[in-house]
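# Chains, contacts and geometry: an overview
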Amino acid sequence: MASHSSTLLSSPTFAPFSSHRLHHSPNLTTLRFSNPIRTNKPNLALRCSVSIEKEVPETERPFTFLRDSDDSTQSSSSTSSVRARFETMIRSAQDSVCEAIEAIEGGPKFKEDVWSRPGGGGGISRVLQDGNVFEKAGVNVSVVYGVMPPEAYRAAKGSASDQKPGPVPFFAAGVSSVLHPKNPFAPTLHFNYRYFETDAPKDVPGAPRQWWFGGGTDFTPAYIFEEDVKHFHSIQKQACDKFDPSFYPRFKKWCDDYFYIKHRDERRGLGGIFFDDLNDYDQEMLLSFSTECANSVVPAYIPIVEKRKDMEFTEQHKAWQQLRRGRYVEFNLVYDRGTTFGLKTGGRIESILVSLPLSARWEYDHKPEEGTEEWKLLDACINPKEWI
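Notes on the structure in this doc start here. Throughout this document, residue positions are counted from 1 along each chain, in the order its sequence is written. It should be noted that, the model being predicted, local features are given only for residues of pLDDT at least 70 and side-chain atom pairs only at 80 or more, the latter also being counted only at that level, while totals for whole chains, interfaces and linings use all residues. By convention in this description, side-chain values take in all heavy atoms of the structure and omit both hydrogens and water.

## Here we look at the overall build of the chain
Summing up its helical and strand segments, the chain has 10 helices and 13 strands in all. Evaluated residue by residue, the chain yields a buried proportion of 56% over its 388 residues. For the chain, restricting intrachain contacts to residue pairs at least 6 apart in sequence, the fraction spanning at least 24 positions comes to 71%. Computed with the Shrake-Rupley method and a 1.4 Å probe, the accessible areas treat only the protein chains shown as cover for residues. Within the structure as shown, the chain displays about 16,300 Å² of accessible surface, and the carbon and sulfur contribution to it stands at 50%. Numbering goes from the N terminus for both helices and strands, where a helix is a DSSP run of H or I of at least four residues and a strand is a run of E of at least two. Per-residue accessibility, obtained with a 1.4 Å probe over protein chains only, is compared with the maximum for each type, and a residue is labelled buried under 20%, exposed over 50%, and partly exposed between these values. Note on contacts: a residue pair is in contact if any heavy atoms of the two residues lie within 4.5 Å.

## With respect to the nonpolar core
For our purposes a nonpolar core is just a set of buried Ala, Val, Leu, Ile, Met, Phe, Trp, Tyr and Cys residues, chained together by side-chain atoms within 4.5 Å. Among the nonpolar cores identified, the biggest contains 71 residues, and L179 and L270 are the most heavily contacted of them. Setting aside residues up to four positions removed in sequence, L270 forms contacts with F219, P221, I224, V229, H233, L377, A380, C381 and W387.

## So, the packing of aromatic side chains
One pair of aromatic rings is described through two measures. These are the centre distance and the angle between the planes. Two aromatic rings, drawn from Phe, Tyr or Trp (for Trp, its six-membered ring), form a pair once their centres lie within 6.5 Å of each other, and the interplanar angle then sorts them: stacked below 30 degrees, edge-to-face above 60, tilted otherwise. Scanning the model with the defined rule gives 27 aromatic pairs in all. The interplanar angle of 55° and the centroid separation of 4.9 Å between the aromatic rings of F247 and F289 together place this pair among those described as tilted. With a gap of 42 residues between them, F247 in helix 4 (residues 247–258) and F289 in helix 5 (residues 283–295) connect regions that are remote in the sequence. The exposure class of F247 is buried, given its relative accessible area of 0%. Residue F289 is classed as buried on the basis of its relative accessible area, which comes to 0%. Measuring from centroid to centroid gives 6.0 Å for W254 and F274, while their planes differ by 75°, and the two rings are edge-to-face. Pair noted here: W254 is in helix 4 and F274 is in strand 13 (residues 272–278), with a separation of 20 residues, a long-range link. Looking at W254, the relative accessible area reads 28%, which means it is partly exposed. Geometrically, a lysine NZ or arginine CZ counts as sitting over a ring once it is within 6 Å of the ring centre and also within 35 degrees of the ring normal. Looking at R268, its charged tip hangs above the ring of Y328, at a distance of 4.0 Å from the centre. Across from the ring centre of F225, 3.7 Å away, lies the NZ or CZ of R308, which sits over that ring.

## Considering helix 6 (residues 297–308)
A rise of 1.5 Å per residue sets the reference length of helix 6, with its 12 residues, at 16 Å; its end C-alpha atoms lie 17 Å apart and thus fit the reference within 8%. All of the buried residues in helix 6 are V297, A300, Y301, I302, I304, V305 and R308. In a view along the axis of helix 6, the buried residues occupy a sector of 165°, so they form one face of it. Under the convention used throughout, the expected extent of a helix is 1.5 Å for every residue step, that is, one less than its residue count. For this quantity, the arc is that covered by the directions from the helix axis to the C-beta atoms.

Have a look at this one:
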């Protein structure tokens, strides 16, 4: 996730491009790319740039971060409507999750930062740290406008056209959150829902408008309570089944595969759902699906935290939680597309690393004894299960 820097582009699980380095000018940030970008052509290396205006701190939340041309109150186009409704959805999701967290906390509140960009776009970052229940909780939203060169567009879509369009504007919006409770029996949660769209005019050859959705919600406990895991996965399945019965098994496997720590040969946690670059269904359906998934975060997670937050625990329990937090750190810094994107491009470090816990632990050659509760968790991370 990110705050003053691009919240969306450096969010965990959000990185539309593979980047090399970042160049700054007074009002513009330019990303120079040298890695292949969404291409099926072998040995294709690109040097291109994506331009995003520099952010400006704000003292108040605006009604919308959309440009006037995208504001649904001033435009009747279907594209503007999707953008406006997605922004409304992610801001509503941010509000509902933050309200639920503050209700559990019973006093501590989120710190909020608001930022915008002169040409449109902006974001709201909220972080609660060292609370009564949560060690660290971050819930961020952003709306981003930028411009990618035609080479990046063609690589992104695998286009073989010889026609050369001009620079391609893009739009991206999303909500991203990581919630780390203090009690080792209360699980960590991550969720992220995003929408990405190129905005080339219809009369530009070789660069038609393209769009896709991505996101997911995943569950990372230190100890397994089967009723908790089944409750969490049941809510994910209910959200998926309202739209397509194939979604839950497909996106659960995708989640298990994505949150894989290769050098440990284990998953970060006990999964959930994950999807990316999704545009092979009706756009309205996918907007509704993303909304349903985001609205499912609170009922899937908050009852579990309420149940576990006051359980008694020992130093051994806390040490195991810290070891699992170490795995969380390893995945985010080594494999997560959004985090590594932000680090490689020189983004605002506090924003990029807001997803990390306040504390973690590494022990040399630590192996839990077979049959213990700690071993059961590790076994489930190594061998993903069907919980429902």
